[in-house]
Each structure stands twice: as C-alpha cells, then as structure tokens.
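Observations on the three-dimensional arrangement
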Amino acid sequence: MPAASTTLRTLAVSVITLLTVTGCQALDDAGRAMGRADIVNELAARMDRALELTYSAEYQLPGGRTASIAQSQDPARSAYEWPGGKLTVTAEATTRCDTDSGRTVCTIEAPPAPNSKPSVVVFAAAERAGQVTPPMVMGLLTAAALDPEAAITQSDTTVAGHLATCVDVRQTAESFSACVTGEGALGSFTGQVDGQPVELALSRYREQVDGAAFDLPPGAGVVDRRAAGS
C-alpha cells in the first residue's frame, strides 16, 4: 500500500502510467484499463482536493458506534476520533488519546514538521491504529486497478445527502466496496483491514468544524512528552 505521505493525485498518475504503457494489450483490454485508470484518477483527485478543505465528517459504525474526522485550514489542524481512541495534530502538538477500562489517557508529543499536512499525519497514525482512512481506501483501489483479475464496478448514489461515486471491487485478494462524495470525503467503506471486517458509512458532513473537535476528552489524564523530547 502506498505511503500516506504520497499525495493521492500523484498516486493516481502513477496508476494511469502503469495501465497505459503496455503497448501489447488488445483493444478491449486497453479500454478496460483506461476505464480503471479514469476511476482511480477521478476519486484520487477528489480526495486530494479534500486535504485542502475545512470540514467535519461523522461516521456510523456497527453496533451504534461512531467515528469522526475534522480538519481546518486556518489554523491548519486535524483530528480523527473512533471508539476508544483519538488523534489530534495541531501546530502545537501531536496528541494520541486511548481509553482503557473507562479511563482515558492522552499522550502529547511534539508537532510534526512545519511543512507537513496535519490531515496526512493524522491519517497515517490512524492507519497504524487499525482505522480506515481515505488514503488507505485509495491504496486499496489502486492495487485493485493494477490487478487484471479484479472486477471493478462503478455506480453513483447519495450518501448522507451528498452525491457520491461508488466502486465495488471483486478480486482474489480481499474484496471491498467504497464511496467517495463529490467533495472528496470518504462516504462509505465495507471490507477488511488486516483480516478484520470493517464497515463505516458517512452520517453527517459539514463544511465547518467545531473547535472542540481538537480538545482533549473531558477528564482525560495527560502525559506531556514535549519537554522531554521523547
């Protein structure tokens, strides 16, 4: 899977190059490859643009649980929250909160490099915690586009009141389905991550963010490692 630091648009361009440089393809095979490249390019461009937006998105998970993504540009900061965990990146700090046995502890560390996108840093850390992120979904779609045996079906729908493009991928490897809204937000995902079934669906999308989304959970214990530099 591509590194989270690679922009989604660059990733899509790489896919298009790989799918179109093979001059020995039959015409119908070339047509199918171009179709896959077009799908990947369009969805990657949307998600790439979304990294520059201010928005908040809430997701419904199985069992009535929820998750959320929030990011703003002025100031640049981002947060990803899921059952039992939260990641926040601001110009002041990178904060990871975990809840165990009802007690929440937040570890505060130094902020990322000044030229880093907070959303990219949050998504990379969230992936390490086993969470589904837009770059992860794009990586899965890219791998499927490069698999000649994969069947990729595209459709249009509405998710949480927003128009979205959906893809259903059937392949020897893990099959999955995903939707991306016109704004570039992840609309839904059903599949597996590290062999575990995962399902989420966008329930609310707003083009503004409540500042509280970047606060520590109430009553959380705090471990500040910034001074120690560790």
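Structural data are supplied above this passage.
Now for a look at the structure at hand. (Residues numbered from 1 in each chain as written. Predicted model: local features only at pLDDT ≥ 70, side-chain atom pairs only at ≥ 80, totals over all residues. Heavy atoms only, no water.)

**Re helix H4 (residues 134–145)**
- Taking 1.5 Å of rise per residue, 12 residues should cover 16 Å, and H4 covers 16 Å from first to last C-alpha, within 8% of that figure.
- Burial analysis of H4 places 11 of its 12 residues in the buried class, the great majority of the element.
- Those residues of H4 that fall on the buried side of the exposure criterion are Pro134, Pro135, Met136, Val137, Met138, Gly139, Leu140, Leu141, Thr142, Ala144 and Ala145. (Helix = DSSP H or I, 4+ residues; strand = E, 2+ residues; numbered from the N terminus. Expected span 1.5 Å × (residues − 1). Buried < 20%, exposed > 50% of the residue type's maximum accessible area, 1.4 Å probe, protein only.)

**Overview of the pairing of strand E4 (residues 85–89)**
- Of all 5 residues in E4, 5 are buried, a share of seventy percent or more.
- Residues Gly85, Leu87 and Val89 line one face of E4 and the alternating positions Lys86 and Thr88 line the opposite face, and both faces are buried.
- Between strand E3 (residues 76–82) and the antiparallel strand that follows it, E4, lie 2 residues; Gly84 among them carries a positive phi value of about 90°.
- For E4 and strand E5 (residues 94–100), the ladder comprises 5 bridges, and the chain directions are antiparallel. Looking at the pairing, Thr88 lines up with Thr95 of E5.
- The turn joining E4 and E5, which pair antiparallel and follow one another in sequence, is formed by 4 residues. (Pairing = 2+ DSSP bridges.)

**Description of the state of the cysteines**
- Evaluated as defined, the whole model comprises 2 disulfides.
- Here Cys166 pairs with Cys179 through a disulfide, and the sulfurs are 2.0 Å apart. Disulfide Cys166-Cys179: the torsion about the S-S bond is 105°, which places it as right-handed. With a gap of 13 residues between them, Cys166 in strand E8 (residues 162–170) and Cys179 in strand E9 (residues 176–181) connect regions that are remote in the sequence. In this structure, Cys166 and Cys179 share a single accessibility class: buried. (Disulfide = S-S within 2.5 Å.)

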